[in-house]
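# Fold and geometry: a report
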Amino acid sequence: MRFRHPDGSTVHLAYCTNVHPAETLDGVLAQLRDHCEPVRRRLGRDRLGIGLWLAKDAARALVTDPAALRGLRCELERRGLEVVTLNGFPYEGFGAEEVKYRVYTPDWAGPERLEHTAALARVLAGLLPEDVTEGSISTLPLAWRTAYDDERAETARTALRTLAERLDALEELTGRSIRVALEPEPGCVVETTRDAIAPLTAVGHDRIGICVDTCHLATSFEDPGTALDDLARAGVPVVKSQLSAALHAEQPHLPEVRAALAAFAEPRFLHQTRTATAAGLRGTDDLDEALAGDALPDAGPWRSHFHVPLHAAPAAPLTSTLPVLTSALTRLVGGPHPLTRHLEVETYTWQALPPELRPRGRAQLADGIAAELTLARDLLTDLGLKELP
């Protein structure tokens, strides 16, 4: 979906396909048929943006076989779909029964992460629509915080500088400008937007910036305005933003609130949980850890890294951090010029919701994704952007 900003530039809205597990190119092609095109039809649009997640095997197949890449591009066009952004965070296995900490490997201190991301950039350059010259890729925020020392940090910085050089060369070759964005996430070396400033300044290249995920922003109790002001002062570009909402519990000391939260503690994904205290941010690596005894102070609200559907906040006594998303979006695209032109709805946890909230079958999932995109569209038009055909 495309929108015209009042300054005349185009803002792209997509939804991320990591909600549809697929590790191979055949699986990706099936996603387009079974999920993405049905969402487009529900929205009544001739064109729908998707943020492709390409696991390592699918990316390798596309980058080594020009015919396969042309075939994917043709299939996108045939189904009324377009790609300007990729989700390069998960490397493989995102559809496994247990993902948890595995999603953070390999990290930027390992050669596989650089090679995979460079391959994604070459693929994206070949998938961009004819009238689009800029693409974006979100990626792991360096590494999970443990076992990350000065030596690994320098290796990661060197890898990002190498990537930036390859992206420069790619633009010279193709005329397509691809940028990569570290995506701050609770528990990682770069947990907050402020954490991103030092390493990105050290890399020192505008090809490498930040992806503002509004669920992660909210989970870490960051104020959107303050965060974006800090990035602007530091000269860190917002390459893309993922529109998502976290799980919010206002009174976690109450037994009924803890019982409601327990329904969201599930075995597949990690749900880092945080609370703001007078002594600073406190947290646990997972929701079940927070619920166990007194592992986390409960005098103030808790927020958990659980991407809940944008249009359907959990029932009381829980809610979502949609107001944080709205505030961030206002700053991102509501000013005289957009801070980023790539927006991506990313709710990958539909099948991890409590059983009574999960979609039953493809049709209900498509309905839910279309409803999220409709909400995002309405937020954008309320900010003065005009939806394009």
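Structure shown above.
Residues numbered from 1 in each chain as written. Predicted model: local features only at pLDDT ≥ 70, side-chain atom pairs only at ≥ 80, totals over all residues. Heavy atoms only, no water.

### Side note on the overall build of the protein
Under the convention used in this document: Helix numbering and strand numbering both begin at the N terminus, where a helix is a DSSP run of H or I of at least 4 residues and a strand a DSSP run of E of at least 2. It is over C-alpha atoms that the radius of gyration is taken, and the globule rule equals 2.2 Å times the number of residues to the power 0.38. Here the term buried applies to any residue with accessible area under 20% of the maximum for its type, exposed to any over 50%, and partly exposed to those in between, with areas from a 1.4 Å probe on protein chains only. Surface accessibility follows the Shrake-Rupley procedure with a 1.4 Å probe radius. Residue values consider only the protein chains on display as shielding.
When you go through the protein residue by residue, the secondary structure sums to twelve helices and 15 strands. Relative to the 2.2 N^0.38 estimate, which gives 21 Å for 389 residues, the radius of gyration of the protein is 20 Å and therefore close to what a compact globule would have. The proportion of buried residues among the 389 residues of the protein is 59%. As presented, the protein carries roughly 15,000 Å² of accessible surface, and 51% of it is formed by carbon and sulfur atoms.

### Details of helix H1 (residues 25-43)
Because each turn of an α-helix spans 3.6 residues, side chains separated by three or four positions in sequence point in the same direction. Basically, it comes down to this: What a helix should span is 1.5 Å times the count of its residues minus one. We define the bend at each residue as the angle formed by axes fitted to the 7 residues ending at it and the 7 residues starting at it. Should any heavy atoms of two residues lie within 4.5 Å, those residues are counted as being in contact.
Taking 1.5 Å per residue, 19 residues should reach 27 Å; H1 reaches 26 Å between its end C-alpha atoms and fits that length. Along H1, the sharpest change in direction is near 40° and occurs at Leu 32. All of the buried residues in H1 are Leu 25, Val 28, Gln 31, Leu 32, Asp 34, His 35, Cys 36, Glu 37, Pro 38, Val 39, Arg 40 and Leu 43. Looking at the buried residues of H1, the elements they touch are strand E2 (10-16), strand E3 (48-53), helix H2 (56-64), helix H3 (66-78), strand E4 (81-87) and helix H12 (362-382). Directly beyond the C-terminal end of H1, a positive phi value near 70° is found at Gly 44.

### Describing the sheet that holds strand E9 (residues 245-249)
So the rule is basically this: Strands were regarded as paired on the criterion that DSSP finds at least two bridges between them. Only the stretch in contact is used when fitting a helix axis, every axis being a line fitted to C-alpha atoms; angles between N-to-C directions are given from 0 to 180 degrees.
Here we have five strands laid out as an open sheet, ordered E11-E10-E12-E9-E13, and antiparallel in their pairing. With one partner strand each, in any of the chains shown, strand E11 (280-284) and strand E13 (318-320) form the two edges of the open sheet. The sheet shows a mean angle of 30° between the axes of neighbouring strands, direction not considered. With five bridges connecting them, strand E10 (residues 273-277) and E11 associate as antiparallel partners. Paired with Ala 276 across the strands is Leu 281, a residue of E11.

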